[in-house]
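# Residue-level structure breakdown
Listed below, chain by chain, are the residues.
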Amino acid sequence: MRTKNYPLIFERSKQGRKSYSLPPLDVPELKLDDEIEEDYIRKNKANLPEVSELELIRHYTGLSTRNFGIDSGFYPLGSCTMKYNPKLNEDIAKLDGFSYIHPYQDPQTVQGALEVMYDLGKHLREITGMEEVSLQPAAGAHGEWTALLMIRAFHEANGDMNRTKVLIPDSAHGTNPASATVAGFESVTIQTNEQGLVDLEDLKKAVGKDTAALMLTNPNTLGLFETEIMEMAEIVHDAGGKLYYDGANLNAIMGYVRPGDMGFDAVHLNLHKTFTGPHGGGGPGSGPIAVTGELAPFLPKPLIKKQGNTYVFDEDLPQSIGRVKPYYGNFGINLRAYTYIRTMGATGLKKVSEYAVLNANYMMRKLSREYDLPFKQHCKHEFVLSGKKQKMLGVRTLDIAKRLLDYGFHPPTIYFPLNVEEALMIEPTETESKDTLDLFIDTMLQIAEETRLNPEIVQDAPHHTVVKRMDETTAARRPILKYDL
Ligand SMILES: *Cc1c(COP(=O)(O)O)cnc(C)c1O
């Protein structure tokens, strides 16, 4: 298969072209066959692309201009926190003392890096109201899974072997039931009531001797604060279960309320969302977990400890669930989060929450003139609209999302959460100016008007992008994942 639209680097290849030049060899040439055992010598040609330096630069620069990122435009993807990633983070991450070290170096020679990890843990404990932290998990889902293994280990250490169920509201992020399943639990769905909050009666019915934990995010995935959280915590704790806080999005509550104070026992944080690790495009992320003292003995090892003035890796954790990631976590992302936290300070992080919530509510009220708002109360950092009025005119949420591309915006999250028809989930974040918010609002209102006057233009969108409407069914059912030369 050849890709006509934009050739792959392999298709640009011409034998003999090189994008590097080396000085003449001034040592004896090594004959591979003499020195390396037969088994280790590659039999087939690697088929690497051969291009000049200029072709190489043009190829990747061209590709980068077809991409969309937070540095190129507004990216209101709900449940994702696509906020600006300060460039100062990059300056710090590039420092030689951080970027040229190796995880297997003697800890004595990398005390500064260990201090950063230790201090970051301290800040995360303070932000979450928890007692101990592990920076190992590589992403949010990984943190969820890690903490669930710890919760299982905790129950088993108490001789409680039959806690097989994890309760999860139907509005939860898809990673919650997935993590519970991968960790070997059965997930039980808890219904959402008309206000978009957990149905307490349903929770009471589901909870019991077989409950290992309740997984919850607060504000929940509809962007609404679960006001009855203390009561929920009591219900679950009384039944012997633990409360897990999905802290992927802390953007609405930092400095105002802490998972620890809401009765949670374990939490993960997405440093690549709230704490400005760049994300999208597949990572790397970082999903540290923070837990109460009761769960701390089960944390992955090693932990970073301070002995006098020296930072050490503590391997002496007999009840630890073990290691969940090679080395000690994604240090580069942890470092960026540390830089961000130190730059913002406690008052700065509190302001982040204020502006994130203000921006979301401003946008929600303005957009509700044209789009159905299923839950009427104030939202936190994000909100969910329904495109059901537009659907009656033959325009679906997917069409609206595609039309936004024509206007240079990344679309919001669509068809999620699953309990809202034709859902549009919007998270403006705190880093956008009022001008940008207004431009997006005007564009959305204009699309609603186009839907009434000229629905085809929305149904056939996008019109002004390099790639037009895709066949999403074929892409999902028969994806071509391998390129054959
Ligand atoms: C993003 C997100 C996750 C998953 O985090 P990953 O780093 O993508 O694994 C979990 N829960 C919520 C609410 C999220 O927004």
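As the structure is a prediction and not an experimental result, all values here were calculated from the model. The numbers attached to residues start from 1 for each chain and follow its sequence in the written order. pLDDT decides what is reported in this predicted model: residues at 70 or higher carry local features, side-chain atom pairs at 80 or more are listed and counted, and totals for whole chains, interfaces and linings draw on all residues regardless. Computation of side-chain values: all heavy atoms of the structure, hydrogens and water removed.

Each pair of aromatic rings taken from Phe, Tyr and Trp, with Trp reduced to its six-membered ring, is defined by centres within 6.5 Å and is described as stacked if the planes are under 30 degrees apart, edge-to-face if over 60, and tilted in the remaining cases. Tallied over the full model, the rule gives eleven aromatic pairs. Residues F74 and F440 carry aromatic rings whose centres are separated by 5.2 Å and whose planes lie at 80° to one another, so their mutual orientation is edge-to-face. Note that F74 is positioned in the loop between α2 (53-65) and α3 (87-94) and F440 in helix α13 (residues 434-453), a separation of 366 residues in sequence. For the pair formed by F74 and F440, the shared burial category is buried. A ring pair is formed by Y245 and F264, whose centres lie 4.8 Å apart and whose planes are at 80°; its orientation type is edge-to-face. Of this pair, Y245 sits in strand β5 (residues 242-247) while F264 sits in the loop between β5 and β6 (266-269); the two residues are 19 residues apart in sequence, bridging distant segments of the chain. Given a relative accessible area of 0%, Y245 falls into the buried group. Put simply, the rings of F74, F409 and F440 touch in pairs and so form one group of aromatic residues. Criterion for a charge above a ring: Arg CZ or Lys NZ at most 6 Å from the ring centre, at most 35 degrees from the ring normal. Here R152 stacks its cationic end above the ring of F185, 4.6 Å away from the centre of that ring. Starting at the N terminus, helices and strands are each numbered in turn, a helix being any DSSP run of H or I of at least four residues and a strand any DSSP run of E of at least two. The buried label applies to any residue whose accessible area, calculated with a 1.4 Å probe on protein chains only, is under 20% of its type's maximum; exposed applies above 50%, and partly exposed to all values in between.

This brings us to the sheet that holds β5. An order of β1-β7-β6-β5-β4-β2-β3 is seen for the seven strands of this open sheet, with the pairing classed as mixed. Here the strands that pair on one side only, and so sit at the sheet edges, are β1 (132-134) and β3 (186-190). Averaged over all pairs of adjacent strands, the angle between strand axes in this sheet comes to 25°, irrespective of strand direction. When DSSP locates at least two bridges between a pair of strands, those strands are taken to pair. Two elements, β1 and strand β7 (residues 289-291), share three bridges in a ladder whose sense is antiparallel. Opposite S134, over in β7, you have I289 as the bridge partner. The strands that helix α5 (residues 111-128) touches are β1, β6 and β7; relative to β1, the one it contacts most, it runs at about 125°. Helix-sheet contacts for helix α7 (residues 175-182) involve β2 (165-169), β3, β4 (211-216) and β5, and the interaxial angle to β2 is about 175°. Lines fitted to the C-alpha atoms define the axes, with helices restricted to the stretch that makes contact. Angles between their N-to-C directions range from 0 to 180 degrees. Contacts were defined at the residue level, with two residues in contact if any of their heavy atoms lie within 4.5 Å.

Within β5, six of the six residues are buried, leaving the element largely enclosed by the surrounding structure. Burial along β5 is two-sided: K242, Y244 and D246 facing one way and L243, Y245 and G247 facing the other are all buried. Both β4 and β5 contribute to a ladder of four bridges, which runs parallel. Counted as the bridge partner of A213 is K242 from β5.

Turning to the environment of H464, a few remarks are in order. Along the polypeptide, H464 turns up in the loop between α14 (455-459) and α15 (472-477). On the basis of relative accessible area, H464 is assigned to the exposed category, the value being 63%. Considered as a pair, H464 and L405 are 59 residues apart in the sequence and their alpha carbons are 7.9 Å apart.

Right, let's get into the site of the ligand. Here a residue is near a molecule or strand as soon as one of its heavy atoms is found within 4 Å of it. Around the ligand there are 13 residues in total, and S79, A141, D246, H272 and K273 lie nearest to it. Definition of a polar contact: a pair of N or O atoms within 3.5 Å, with one able to donate and the other able to accept a hydrogen when the atoms are protein atoms, and with sequence-neighbouring residues admitted only if both atoms are side-chain atoms. The separation between an oxygen atom of the ligand and a polar side-chain atom of S79 is 2.6 Å. Here an oxygen atom of the ligand sits 3.0 Å away from a polar atom, N or O, in the side chain of N270. Of the residues forming the shell around the ligand, the biggest block, three residues, is contributed by helix α6 (residues 140-157). For this classification, Asp, Glu, Lys and Arg are treated as charged, while Ala, Val, Leu, Ile, Met, Phe, Trp, Tyr, Cys and Pro are nonpolar and the rest, including Gly, are polar. Counted by class, the shell around the ligand contains three nonpolar, seven polar and three charged residues.

Now for the domain arrangement of the chain. Note that domain bounds follow an automatic or database assignment of domains. Taken as a whole, the chain is organised into domain 1 (1-66), domain 2 (88-344) and domain 3 (352-475). Here the C-alpha centroids of domain 1 and domain 2 sit 42 Å apart.

What follows deals with the pattern of salt bridges. A pairing counts as a salt bridge when a side-chain nitrogen of Lys or Arg comes within 4 Å of a carboxyl oxygen of Asp or Glu. For the structure on display, the rule yields 20 salt bridges. Across the pair D314 and K305 runs a salt bridge, and its minimum N-O distance is 3.7 Å. The shortest N-O distance in the salt bridge between K402 and E472 comes to 3.2 Å. Separated by 70 residues along the polypeptide, K402 in helix α12 (residues 397-406) and E472 in helix α15 bring together distant segments of the chain. For K402, a relative accessible area of 16% translates into the label buried. The network of salt bridges with common partners includes R403, D406 and E450.

As for its placement among the helices and strands, T81 is situated in the loop between α2 and α3. The class of T81 is buried, set by a relative accessible area of 1%. Among the polar contacts listed, one links the side chain of T81 to the side chain of N249, at a separation of 3.1 Å. Those residues in contact with T81 that lie beyond four places of it in its chain are N249, N251, K273, T274, H279, E427 and T429.

Another aspect to go through is α6. An α-helical segment advances 3.6 residues per turn. Residues three or four places apart therefore align on the same side. With 18 residues, α6 extends 26 Å between its outermost C-alpha atoms, agreeing within 8% with the 26 Å of an ideal straight helix rising 1.5 Å per residue. Taken across its 18 residues, α6 has 13 buried, putting it largely inside the fold. For a helix, the expected span equals 1.5 Å multiplied by the residue count minus one.

A few words now on the layout of surface pockets. The pocket and cavity definitions rest on a 1 Å grid over protein atoms only: a 1.4 Å probe that fits but cannot leave marks a cavity, an open set with protein on both sides within 12 Å along at least five of seven lines marks a pocket, and residues lining either have an atom within 4 Å of a point. Grid points are joined across faces, edges and corners, and a volume is the space filled by probe spheres set on the points. Roughly 820 Å³ of volume is contained in the largest pocket. Surrounding the largest pocket, 23 residues form its lining, R66, F68, L405, T465 and V467 being those nearest its centre. Ranked by the residues each element gives to the lining of the largest pocket, the list is headed by α12, at four residues. Here the lining of the largest pocket is built from residues that sort into twelve nonpolar, six polar and five charged.

Before going further, it helps to spend a moment on the UniProt feature "modified residue: N6-(pyridoxal phosphate)lysine" (unreviewed entry) in the chain. Residues annotated by UniProt as "modified residue: N6-(pyridoxal phosphate)lysine" (unreviewed entry) correspond here to K273. In this structure, K273 sits in the loop between β6 and β7. For K273, a relative accessible area of 9% puts it in the buried group. The residues contacting K273, other than those within four sequence positions of it, are S79, C80, T81, K83, A248, N249 and H279. From its side chain, K273 meets the backbone oxygen of S79 in a polar contact 3.3 Å long. UniProt positions are given in the numbering used here, feature names are shortened, and annotations may be inferred rather than shown by experiment.

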